[in-house]
Amino acid sequence: MNQRQTANTPRPTPFLQIDRLRKKFGDFVALDNVSLDVFEGEFVCFLGPSGCGKTTFLRAIAGLDIQTAGTVHQAGKDISALPPSERDFGIVFQSYALFPNLTVAKNIAFGLENQKLSKPDISKRVTELLELVNLPDQGAKYPAQLSGGEQQRVALTRALATSPGLLLLDEPLSALDAKVRTHLRHEMKALQRRLGVTTIMVTHDQEEALTLADRIVVMNHGVIEQVGTPTEIYRQPGTLFVADFIGAMNQVAGRVASSDCVAVGEITLATRPHNLYLDEPVVVTIRPEDIVPHGAGARSPGVPDSGDHAENTLAAVVEDMEFLGSFWRVSLKNNALGNAALTADMSINAVRRMTIAIGEPFTVELPAERLVVFPRNDDNV
Ligand code: ATP
């Protein structure tokens, strides 16, 4: 569901309707019947590993690579067979793709000149746009005289110059260094909100997708694995692939013992309810930050009893500790878990309060509501 909707508001008509899009390169299927609705004003990120089909999907929406089958409707119009020049979008690529022999102002004016606007109108619009992206005095410069971040802002401005209905961004930040990338990410999001332009961005950077997107489309091997808000994708991954791809995730192999229990090594863990078959091979997952530290040896004083989840309390041994600035990443081993290693993220305060040292025993709880179970196949644990 669109983030801006509530349960009682009627579902709006999608601005972009993609229906069973398929793209083959020879015998290779790069996109396999993908369908997606994008709503007006949304910021959607296509996220996935290299080669999963993100760029192919974006290029099909732009008409740069026409699909083998399927349809694309934009603002109610079937654009499936239209060339890019007859579609309503602006696009920014990873390589800034500015014209090196034209000034910044001329680069931005390019699309406007094609729209046959008068010279004073073009000049006014270019000035407005340069102010919008905080480059008010850079119009007379050539692209080579700008930093990478500034060039990408110009590319963004050029893409927005004609006020397109759709903004397409193909890894626009990945050529920039980390600091510029983070800064520009915020600027881009603010600009997108201000203009309200429907935006689709391709990225393989999960942090970028989690911070920018209203909804994330997670892709793998040419199919959509899951569509959801950043919180849904992180907190309720629909598949083991999504669970593993987004954020850090502990994975322990086991077998289904009941509808909310999994046998792992010598113990049985209470888990979130699932619909898997008795004795089915599964993977139990938990995020490192969801492991609750109870302290050295037995449960520490002051830590409330975990009640229903006491069966998920494990006496582990600290194998390693890594200081990551705002928290500690602690590697734990527990023989009863079939020797599976667990990684727990603990706050600086928790580590300060508890006696914790490499080689020493340490008790942790794996809260049942945080243990999500997925079917196990040959590709995973
Ligand atoms: P990356 O993050 O590495 O850019 P991606 O998810 O954007 O990856 P695509 O560029 O969409 O992936 O490519 C998907 C698959 O299609 C890849 O296996 C790629 O090799 C293949 N592919 C893409 N374009 C072509 C082409 N023109 N001819 C043949 N195969 C192609």
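All values derive from a computational prediction rather than experimental measurement. Note on numbering: residues in each chain are counted from 1, in written sequence order. Local features in this predicted model are restricted to residues whose pLDDT is 70 or higher, and side-chain atom pairs enter the listing and the counts only when it is 80 or higher, whereas totals over whole chains, interfaces and linings include all residues. Note that the side-chain values use all heavy atoms of the structure and ignore hydrogens as well as water.

A. Looking closely at helix H2 (residues 104–114). Accessible area is worked out with a 1.4 Å probe on protein chains only. A residue is then buried under 20% of its type maximum, exposed over 50%, and partly exposed in between. Helix and strand assignments follow DSSP, with helices taken as H or I runs no shorter than four residues and strands as E runs no shorter than two, numbered in order from the N terminus. Considered for burial, the residues of H2 that qualify are Val 104, Asn 107, Ile 108, Ala 109 and Leu 112. We call two residues contacting when some pair of their heavy atoms lies within 4.5 Å. The inward-facing, buried residues of H2 contact helix H3 (119–132) and helix H4 (148–160). In the stretch just after H2, Lys 116 is the one whose phi turns positive, near 60 degrees.

B. Molecular detail of the site of the ligand. Taken together, Phe 25, Phe 28, Ala 30, Pro 49, Ser 50, Gly 51, Cys 52, Gly 53, Lys 54, Thr 55, Thr 56 and Glu 171 make up the full set of residues near the ligand. Between the ligand and Gly 51 there is a distance of 2.8 Å, counted from an oxygen atom to a backbone nitrogen or oxygen. Any pair of N or O atoms that falls within 3.5 Å is considered a polar contact. Within protein, one atom must be able to donate a hydrogen and the other to accept it, and sequence-neighbouring residues count only if both atoms are side-chain atoms. The separation between an oxygen atom of the ligand and a polar side-chain atom of Lys 54 is 2.9 Å. Taken by itself the ligand offers 630 Å² of open surface, and the protein chains cover 58% of this. Where the shell around the ligand is concerned, the elements lending two or more residues are strand S2 (28–38) and helix H1 (54–62). When at least one non-hydrogen atom of a residue lies within 4 Å of a molecule or strand, that residue is treated as near it. All accessible-area figures derive from a Shrake-Rupley calculation using a 1.4 Å probe, and residue coverage is judged against the displayed protein chains alone.

C. View of the domain arrangement of the protein chain. For the protein chain, the assigned domains read domain 1 (16–243) and domain 2 (248–375). Distance between the C-alpha centres of domain 1 and domain 2: 40 Å. Each partner contributes residues to the interface: domain 1 has 9 residues there, and domain 2 has 10 residues. Throughout, the accessible surface (probe 1.4 Å) given up by two parts as they are put together, summed over both, is called the buried area. Both sides together, the interface formed by domain 1 and domain 2 hides about 820 Å², and carbon and sulfur atoms give 48% of it. Area buried by domain 1 at its contact with domain 2 is led by Tyr 234, Arg 235 and Leu 240, which between them contribute 67% of it. The salt bridge definition used is simple: a Lys or Arg side-chain nitrogen within 4 Å of an Asp or Glu carboxyl oxygen. Inspection of the domain 1/domain 2 interface yields 2 salt bridges. Put simply, Arg 235 and Glu 289 hold a salt bridge, and the shortest N to O gap is 4.0 Å. At the boundary of domain 1 with domain 2, the tally comes to 3 residue pairs in polar contact (both at pLDDT 80 or more). Counting only elements with at least two residues in the side of domain 1 that touches domain 2, the list comes to helix H7 (230–235) and helix H8 (240–245). For the domains described, the bounds stem from an automatic or database domain assignment.

D. Here's a closer look at the packing of H4 against helix H5 (residues 178–195). Relative orientation of the contacting elements H4 and H5 amounts to 20 degrees, with a least axis distance of 11 Å. By the angle class used here, H4 and H5 are roughly parallel. For the crossing formed where H4 meets H5, the hand is right-handed. Residues Gly 149, Gln 152, Arg 153, Leu 156 and Leu 160 of H4 pack against Val 180, Leu 184, Glu 187, Met 188, Leu 191 and Leu 195 of H5. Residue polarity follows a fixed list, in which Ala, Val, Leu, Ile, Met, Phe, Trp, Tyr, Cys and Pro are nonpolar, Asp, Glu, Lys and Arg are charged, and the others, Gly among them, are polar. A per-class count over the contact of H4 with H5 returns 7 nonpolar, 2 polar and 2 charged. Simply put, an axis is a line fit to the C-alpha atoms, just over the touching stretch for a helix, and the angle between two N-to-C directions goes from 0 to 180 degrees. Our angle categories are set so that under 35 degrees counts as roughly parallel, over 145 as roughly antiparallel, 65 to 115 as roughly perpendicular, and the remainder as oblique. Left-handed describes a crossing in which the near helix is turned anticlockwise from the far one by less than a right angle; the clockwise case is right-handed.

E. Representation of the pattern of salt bridges in the model. Using the criterion set out here, one finds 13 salt bridges in the structure. When the shortest N-O distance is used, the salt bridge between Asp 19 and Arg 20 registers 3.0 Å. On the basis of relative accessibility, which here comes to 31%, the residue Asp 19 falls in the partly exposed class. Residue Arg 215 pairs with Glu 42 through a salt bridge whose shortest N-O separation is 2.6 Å.

F. Examining the sheet that holds strand S9 (residues 215–220) more closely. The rule for pairing is simple: two strands pair if DSSP sees at least two bridges between them. If you walk across this open sheet you meet the 6 strands as S6-S7-S8-S3-S9-S10, and the pairing is mixed. The sheet terminates laterally at strand S6 (89–92) and strand S10 (223–228), the two strands that pair on one side only. Here the strands of the sheet are splayed against their neighbours by 15 degrees on average, with no regard to which way each runs. Across 5 bridges, strand S7 (residues 166–170) lies against strand S8 (residues 198–203) in parallel orientation. Looking at the pairing, Leu 166 lines up with Thr 198 of S8. The strands touched by H1 are strand S3 (43–47), S6, S7, S8, S9 and S10; relative to S7, the strand with the most contacts, the crossing angle is about 150 degrees. Running over the sheet, H4 touches S6 and S7 and is turned about 170 degrees from S6.

G. Structural view of the environment of Val 154. With respect to the element layout, Val 154 can be found in helix H4. Considered as a pair, Val 154 and Ile 291 are 137 residues apart in the sequence and their alpha carbons are 45 Å apart. Dropping the residues within four chain positions of it, Val 154 is found in contact with Leu 98, Val 104, Ile 108, Leu 135 and Leu 146.

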